[in-house]
Amino acid sequence: MFKRIWSIFRKDEPTRVFLLGLSNAGKTTFLKLLQLDEFINPTRTMGLDVEDVNKDGLVMKVWDVGGQETFRESIWLRLLELEPDVIIYVVDSADHKMLEENEKWFRKIALSPYTKNTPIIVLANKQDLPNAMSEGKLAVKMHLLETSLERDETANPRSFRVFPTSFKTGEGVETVMEYLEELFRNFRKKKRKKMMK
Ligand SMILES: Nc1nc2c(ncn2[C@@H]2O[C@H](COP(=O)(O)OP(=O)(O)O)[C@@H](O)[C@H]2O)c(=O)[nH]1
Ligand SMILES: [Mg+2]
């Protein structure tokens, strides 16, 4: 069964967005919000869900990857070999206990040789919860700047961006979409340039 799934992955899709993050961060909620324009309480994603999203003119194939422990090691790191166009890493900003785990997994993703040129967007989600860390605090606690420097000594400002979001209230989602649009526009430009050469 796995072989068959794998062959689908190999297809060349223009704008592949990977939604990664620990279990319970809000990945599936985000995907559903994009598709349905409303907050829903999703059931647990077991494994992997690949969905087409057509939102405000952005055509994306979004890979919602289960965040359970057993999954991360076996699937996430292998999926990165497919070199997604964009990675969105979702964090539950109210879950202070998982900070270290988040940092560890974020580093694995960001420092993988397969994501060298992949823009990574970090969503400091669940901003509606009273004990949520701000995006700035989360960035510091997860040592995002250090990881970004390790990844790219020139610290390309495009390589990481952190946005505060709440998929419950919709806070920040518009801004994230605008940023994605900008990224997609750049991809298309690059593609055109390649074709002209
Ligand atoms: N308060 C709050 N809850 C959220 C938010 N986003 C997701 N959730 C809830 O967090 C839980 C986990 O969400 P889910 O999308 O399944 O996380 P996933 O494991 O990353 O796919 C669900 O109960 C969601 O309703 C948010 O921004 N604020
Ligand atoms: Mg899920």
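Worth saying up front: this structure is predicted, and the values here are computed from it rather than measured.

Caption draft 1: Examining the site of ligand 1 more closely. The immediate surroundings of ligand 1 are formed by 20 residues, with G26, K27, T28, T29 and K168 found nearest. Sorting elements by how many residues they give to the shell around ligand 1 places helix α2 (residues 27-36) first, with 3 residues. Looking at the shell around ligand 1 residue by residue, the classes come out as 5 nonpolar, 11 polar and 4 charged.

Caption draft 2: Spatial organisation of the sheet that holds strand β5 (residues 120-125). Spatially, 6 strands are ordered β2-β3-β1-β4-β5-β6 in an open sheet, and the strand pairing comes out mixed. Whereas interior strands pair on both sides, the edge strands pair on one side only; in this sheet they are β2 (48-55) and β6 (160-164). Between one strand axis and the next, the sheet turns through 25 degrees on average, direction left out of account. Across 4 bridges, strand β1 (residues 16-20) lies against strand β3 (residues 58-65) in parallel orientation. Counterpart to F18 in the pairing with β3 is W63. Sheet contacts for α2: β1, β2, β3 and β4 (86-92); angle to β2, the most-contacted strand, approximately 30 degrees.

Caption draft 3: Inspection of the environment of M177 at higher detail. Turning to its location among the elements, M177 is positioned in helix α7 (residues 173-196). Take M177: there are 15 C-beta atoms within 10 Å of it, and that puts it in the partly exposed class. Note: C-alpha distance between M177 and K55 (122 residues apart in sequence) is 8.7 Å.

Caption draft 4: Quick look at the pairing of β4. When you tally the buried positions in β4, you get 7 out of 7 residues, the bulk of the element. Burial along β4 is two-sided: the face carrying V86, I88, V90 and D92 and the face carrying I87, Y89 and V91 are both buried. Pairing analysis gives 4 bridges linking β1 to β4, with the strands arranged parallel. Counted as the bridge partner of V17 is V86 from β4. By the bridge criterion, 6 bridges tie β4 to β5 in an arrangement that is parallel. The residue of β5 that forms the bridge with I87 is I120.

Caption draft 5: How the structure looks around the nonpolar core. In this structure, F18, L19, I88 and Y89 are the most contacted members of the largest nonpolar core, which totals 38 residues. At the level of secondary structure, the elements contributing two or more residues to this core comprise β1, α2, β3, α3 (69-79), β4, α4 (99-110) and β5. It is β4 that contributes the most residues to this core, 6 residues altogether.

Caption draft 6: Quick look at α2. Most of α2 sits inside the fold, with 7 of its 10 residues counted as buried. All of the buried residues in α2 are K27, T28, T29, F30, L31, L33 and L34. Backbone geometry just downstream of α2 places D37 in the positive-phi region, at approximately 65 degrees.

Caption draft 7: Fine view of the confidence of the model for the protein. Averaged over the protein, the pLDDT score is 84; the fraction of residues at 70 or greater is 88%. Put simply, helix α1 (residues 2-9) is where the protein has its lowest mean pLDDT, 47, and β5 is where it has its highest, 97. Low pLDDT, under 50, characterises residues 4-13; the stretch is placed with 2 contacts to residues that sit more than four places away or in other chains.

Caption draft 8: Quick peek at unusual backbone geometry. With a phi close to 65 degrees, K126 is a non-glycine residue in the positive phi region. Here K126 lies in the loop between β5 and α5 (135-141). Take K126: there are 26 C-beta atoms within 10 Å of it, and that puts it in the buried class. Residue H143 is not a glycine yet carries a positive backbone phi of 55 degrees. For H143, the position within the fold is in the loop between α5 and α6 (144-151).

Rules used throughout
- Residues numbered from 1 in each chain as written.
- Chains lettered and ligands numbered in written order.
- Predicted model: local features only at pLDDT ≥ 70, side-chain atom pairs only at ≥ 80, totals over all residues.
- Near = placed C-beta within 6 Å.
- Helix = DSSP H or I, 4+ residues; strand = E, 2+ residues; numbered from the N terminus.
- Nonpolar A, V, L, I, M, F, W, Y, C, P; charged D, E, K, R; others polar.
- Pairing = 2+ DSSP bridges.
- Axes fitted to C-alpha atoms, helices over the stretch in contact; angles between N-to-C directions.
- Contact = placed C-beta atoms within 7 Å.
- Buried ≥ 20, exposed ≤ 12 C-beta atoms within 10 Å, placed from the backbone.
- Core = buried A, V, L, I, M, F, W, Y, C linked by C-beta atoms within 7 Å.
- pLDDT = per-residue confidence, 0-100.

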